[in-house]
Amino acid sequence: MNFKLLSSPLQGFTDYRFRNAQQKYFGGIDTFYAPYIRLNGKLKIKSSYERDLLPENNTTLEVIPQVITNDAEEFLFVAKYVQDLGYKELNWNLGCPYPMVTNRGMGSGLICDPNKIDAILERAHTETDILVSMKMRMGYETPEEILHTFPILEKYPIKNIAIHARIGKQLYKGGVNLEAFEKCISTSKQKLYYNGDITSVAGFKAMQDRFPSIDHFMIGRGLIADPFLPSMIKNNTTEYPKNRWTIFKEFHDEIYHQYDATLSGPTPIKMKMLGFWEYFSQSFSNPQKTYKKIKKASNPVKYQAAVAEILSSER
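Residues numbered from 1 in each chain as written. Predicted model: local features only at pLDDT ≥ 70, side-chain atom pairs only at ≥ 80, totals over all residues. Heavy atoms only, no water.

**Student:** Tell me about the sheet that holds strand 6 (residues 131-139), and name the residues and values.
**Tutor:** Taken in spatial order, the nine strands make up an open sheet running 3-2-1-9-8-7-6-5-4, and their pairing is parallel. Bordering the open sheet on either side are strand 3 (63-64) and strand 4 (66-67), each of which pairs with just one other strand. Note that strand 4 and strand 5 (residues 89-94) share two bridges and pair parallel. Note that in strand 5 the partner of Q66 across the bridge is N91. Sheet contacts for helix 6 (residues 145-153): strand 6 and strand 7 (161-167); angle to strand 6, the most-contacted strand, approximately 160°. (Pairing = 2+ DSSP bridges. Helix = DSSP H or I, 4+ residues; strand = E, 2+ residues; numbered from the N terminus. Contact = heavy atoms within 4.5 Å. Axes fitted to C-alpha atoms, helices over the stretch in contact; angles between N-to-C directions.)

As structure tokens, this is what we get:
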């Protein structure tokens, strides 16, 4: 069965710099979802969102913009904005699990309110011609919440619903709920994508075997932890290329220099790369030791030395 691999967006990580470098050095992702646009009540697009979606920053990628909101006016504003940039689809995030989002009734905190979802979708489909897709969790409190939204979603020509098989209050803790996802497949009449805990080739195959009707799979944190993963899944191999760490170094150096050029001072670039290494370290032979070395690097010179030492020991 043919399948597509999609990059699930992670705020602060999967912007155009990461996306371009991932595709250049590793490949394997068919479509990237951009991190969400959040307006906070002001109908104004931040410059960081603007840069992320500019066509000239995404020349070789298929990218789908995403919005997080519980307000129809904001949704329509973002829809017009991305259409003016040439995008034909807008993904609506009802998946974000973080309290600063869910406490305001957005992300997975909105799944329990089918009437509000209905009102926003109705305006989106009567006042724009943009193609709408969804990114959802099973709910915030319980995995049954999503089931109550399906009759609403079926009123509209939603392109697809990508479901992360956890509830919001789990954040990323505990396992995915595959029984609940299976119930979504048997209940929904729409096109479903699977998202959640694809971190290895074996893990991907297990999901493929478990859900034979699913042909689109999203990779989130697993893509940052191991940027080789999508191409290895596509090539049906668990073997890394012989020059694995050389490729990783070139990828790392490219994103490091790009972020360093845009962030002011040594502290912001250290914090940015420390965030990446929380994930990167998981693919190294000693994750804890690897991350500790990066954390201890107190300036850019020490940071580069730590990276060189880590890669040398892996080789």
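**Student:** Break down the environment of V176 for me, citing the residues and quoting the values.
**Tutor:** With respect to the secondary-structure elements, V176 resides in the loop between strand 7 and helix 7 (178-187). For the pair V176 and A165, spaced eleven residues apart in sequence, the C-alpha to C-alpha distance is 5.2 Å.

**Student:** Kindly report on the side chain of K135, identifying the contributing residues and their values.
**Tutor:** Tracing the backbone shows K135 in strand 6. At a separation of 2.8 Å, a polar atom in the side chain of K135 contacts the side chain of N195. Residues within four places of K135 in sequence aside, it is in contact with S8, P9, Q66, N91, W92, N93, L94, G95, A162, H164, N195 and M218. (Polar contact = N/O pair within 3.5 Å; in protein donor to acceptor, adjacent residues only side chain to side chain.)

**Student:** Could you give an account of the pairing of strand 9 (residues 216-219), naming the residues involved and the relevant values?
**Tutor:** Residue alternation in strand 9 divides its side chains into two sets, H216 and M218 and F217 and I219, and both sets are buried. Where strand 1 (residues 4-7) and strand 9 come together, four bridges link them in parallel fashion. Bridge pairing in strand 9 places S7 opposite I219. Bridging between strand 8 (residues 192-195) and strand 9 involves two bridges; their strand directions are parallel. Along strand 9, the bridge assignment pairs Y194 with F217. (Buried < 20%, exposed > 50% of the residue type's maximum accessible area, 1.4 Å probe, protein only.)

**Student:** An account of unusual backbone geometry is requested, with residue identities and associated values reported.
**Tutor:** Despite not being glycine, D197 has its phi angle at roughly 60°, a positive value. For D197, a relative accessible area of 30% gives the class partly exposed.

**Student:** Any chance you could break down helix 7 for me, citing the residues and the numbers?
**Tutor:** Of all the positions in helix 7, only L178, A180, F181 and C184 are classed as buried. Viewed along the axis of helix 7, the buried residues span an arc of 160°, placing them on a single side of the element. Along helix 7, the residues that are exposed and aim more than 90 degrees away from the buried face are E179 and S186. Those residues of helix 7 hidden inside the fold are in contact with strand 6, helix 6, strand 7, strand 8 and helix 8 (201-210). (Arc of directions from axis to C-beta.)

**Student:** So what's going on with helix 11 (residues 244-262)? Which residues, and what values?
**Tutor:** With 19 residues, helix 11 ought to run about 27 Å at 1.5 Å a step, and its terminal C-alpha atoms sit 28 Å apart, in line with that. Along helix 11, the residues that are buried comprise R244, W245, I247, F248, F251, H252, D253, E254, I255, Y256 and Y259. Among the structural elements, helix 1 (16-25), helix 12 (266-280) and helix 14 (300-314) are those in contact with the buried residues of helix 11. (Expected span 1.5 Å × (residues − 1).)

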